Amino acid sequence: FIDGEGRLSSCGAAAEEDEENGDEDEFPGLLGHGEGVLQLKTPTRLPSVLGGERAIGVAASRYYSLALTANGAVWSWGCGKLGHGDREAQWQPKKVEAFAGQRVVAVSTGFMHSL
């Protein structure tokens, strides 16, 4: 969710039960609220302020999310390949430095890829 001030909120669960063995699979950082936050029952504003920029777009996949700011910066959080050159989970939005000096105008997520 993006409010009128360009701030992000999220809700949902970052864990699900594995039907085969009954274990719970966790997806670190999926909600963007920091380490250990695995469930939010109502929309809750993210603590990150995206470098002081207004969010104008957001995209979510099963394992991660992307946000686009008014100045064309891209931020990612969750788990998997998030554009930071590694596979480290990000518990809160982190700026994708690969786009430094560029102005991105749209973001989109797929099951295991981004555009």
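Above this note sits the structure.
Analysis parameters
- Residues numbered from 1 in each chain as written.
- Predicted model: local features only at pLDDT ≥ 70, side-chain atom pairs only at ≥ 80, totals over all residues.
- Heavy atoms only, no water.
- Helix = DSSP H or I, 4+ residues; strand = E, 2+ residues; numbered from the N terminus.
- Phe/Tyr/Trp six-rings, centres within 6.5 Å; stacked < 30°, edge-to-face > 60°.
- Buried < 20%, exposed > 50% of the residue type's maximum accessible area, 1.4 Å probe, protein only.
- Polar contact = N/O pair within 3.5 Å; in protein donor to acceptor, adjacent residues only side chain to side chain.
- Contact = heavy atoms within 4.5 Å.
- Core = buried A, V, L, I, M, F, W, Y, C linked by side-chain atoms within 4.5 Å.
- Pairing = 2+ DSSP bridges.
- Axes fitted to C-alpha atoms, helices over the stretch in contact; angles between N-to-C directions.

A positive phi angle, close to 50°, is found at leucine 50, a residue other than glycine. One can find leucine 50 in the loop between strand S4 (39-45) and strand S5 (55-60).

This part is about the packing of aromatic side chains. A complete count under the given rule lists two aromatic pairs for this structure. Following the ring pairs from residue to residue traces out a cluster consisting of Phe27, Tyr63 and Phe111.

This brings us to the side chain of serine 48. In this structure, serine 48 sits in the loop between S4 and S5. Judged by relative accessible area, which is 16%, serine 48 ranks as buried. A distance of 3.3 Å separates the side chain of serine 48 from the backbone nitrogen of leucine 50, its partner in a polar contact. Setting aside residues no more than four positions away along its own chain, serine 48 makes contact with Arg7 and Pro93.

With that settled, the discussion passes to the nonpolar core. Residues Ala59, Tyr64, Leu66, Leu68, Val74, Leu82, Val96, Val104 and Val107 constitute the largest nonpolar core, which totals nine residues. Ranked by residue count, the leading element in this core is strand S6 (residues 64-69), at three residues. Apart from residues no more than four positions distant in its own chain, tyrosine 64 is found in contact with Leu30, Trp77, Gly78, Cys79, Leu82, Thr109, Gly110, Met112, His113 and Ser114. Formed by eight residues, the second largest nonpolar core is a distinct cluster that contains Leu8, Leu50, Ala55 and Ala67.

Pairing in this open sheet of four strands is antiparallel, and the strands run S5-S6-S7-S8 from one edge to the other. Each of the sheet's edge strands pairs with one partner strand only, and the pair in question is S5 and strand S8 (90-95). If you compare each strand with its neighbour and ignore which way they point, the axes differ by 15° on average. Relative to strand S7 (residues 74-78), S6 runs antiparallel, the two being bridged by five bridges. Of the residues in S7, the one forming a bridge with serine 65 is tryptophan 77.

Another aspect to go through is the side chain of histidine 84. Along the chain, histidine 84 turns up in the loop between S7 and S8. In terms of polar contacts, histidine 84 uses its side chain to reach the side chain of serine 76, at 2.8 Å. Residues contacting histidine 84, with those up to four places away along its chain left out, are Ser76, Gln90, Lys94, Lys95 and Val96.

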